[in-house]
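These are the residues of each chain, in order.
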Amino acid sequence: LSDSDWMKILSSNEFECLRLGKLEFPFASGKHNETRAGIYLCAGCGAVLFHSKFRFNAGIGYLSFFNAFPYGIEVVSKPFSHPICKRVQCRICGSYHGELWADGFLFDGCPVDTRFCINGCGVIFMPAE
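Described in the following lines is the structure provided in the data block.

Rules used throughout
- Residues numbered from 1 in each chain as written.
- Predicted model: local features only at pLDDT ≥ 70, side-chain atom pairs only at ≥ 80, totals over all residues.
- Heavy atoms only, no water.
- Helix = DSSP H or I, 4+ residues; strand = E, 2+ residues; numbered from the N terminus.
- Rg over C-alpha atoms; globule rule 2.2 N^0.38 Å.
- Buried < 20%, exposed > 50% of the residue type's maximum accessible area, 1.4 Å probe, protein only.
- Salt bridge = Lys/Arg side-chain N within 4 Å of Asp/Glu carboxyl O.
- Phe/Tyr/Trp six-rings, centres within 6.5 Å; stacked < 30°, edge-to-face > 60°.
- Polar contact = N/O pair within 3.5 Å; in protein donor to acceptor, adjacent residues only side chain to side chain.
- Pairing = 2+ DSSP bridges.

Here the focus is the overall build of the protein chain. Along the protein chain, the regular secondary structure elements total two helices and nine strands. Going from the N terminus to the C terminus, the protein chain shows its helices and strands as α-α-β-β-β-β-β-β-β-β-β. In terms of overall size, the protein chain behaves like a compact globule, its C-alpha atoms giving a radius of gyration of 14 Å where 129 residues would be expected to give roughly 14 Å. Across its three principal directions, the C-alpha atoms of the protein chain cover 40 × 40 × 30 Å. Counting every position in the protein chain, which comprises 129 residues, the buried fraction comes to 47%.

Glancing now at the pattern of salt bridges. Under the defined criterion, the tally for this structure stands at two salt bridges. Taking the shortest distance from any N to any O, the salt bridge between Glu34 and Arg36 comes out at 2.7 Å. Where Arg115 meets Asp103, a salt bridge forms, and the shortest distance between an N and an O atom there is 2.7 Å. Taken together, the positions of Arg115 in strand 8 (residues 115–118) and Asp103 in the loop between strand 7 (96–101) and strand 8 put the pair twelve residues apart, joining distant regions of the chain.

Now for the packing of aromatic side chains. Inspection of the entire model under this criterion finds eight aromatic pairs. Through a chain of ring-to-ring contacts, the aromatic side chains of Tyr40, Phe50, Phe65, Phe116 and Phe125 assemble into a single cluster.

Below, the discussion takes up the side chain of Arg115. With a relative accessible area of 5%, Arg115 lands in the buried category. A polar atom in the side chain of Arg115 sits 2.7 Å from the side chain of Asp103.

So, on to unusual backbone geometry. Backbone geometry follows two general trends: most residues other than glycine have a negative phi, and most peptide bonds adopt the trans configuration. In this structure, Phe27 takes a positive phi of about 65 degrees despite not being glycine. Checked against the element boundaries, Phe27 lands in the loop between helix 2 (12–18) and strand 1 (38–42).

The next subject is the pairing of strand 7. The side chains of a regular strand alternate, first on one face of the sheet and then on the other. Counting buried residues in strand 7 gives six out of six residues, a clear majority hidden from the surface. With five bridges connecting them, strand 6 (residues 85–90) and strand 7 associate as antiparallel partners. Paired with Arg87 across the strands is Glu99, a residue of strand 7. Strand direction decides the pairing type here: strand 7 and strand 8, joined by four bridges, are antiparallel. Within strand 8, the residue paired with Glu99 across the bridge is Cys117.

Below you can see the structure in the form of structure tokens.
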């Protein structure tokens, strides 16, 4: 899709985050306090990205996950904004979703060494019930 096509289907905030790679402000997402079981979909194409059982509260203002569905999320090999993190995008539509950090061990609730730091505006939460 062209940028003008994306602008027709996404809000201006979603477009800036998903297509231009900008970060939303910390704690800006209404999904920050979501605790129900369910899945998180790409707001650009509907691909399944994360399950709520992979989520934990890092207390940093972004959605935090310790695992992702590999057919939905792609980790781009080049560093993005910091030497210990890499860009994360939708494997289907290429939309930017955030970063994968190699500092998961620093956060209570993260059982692995890496964590996904995700823009809430770029995902749609679908509750299990």
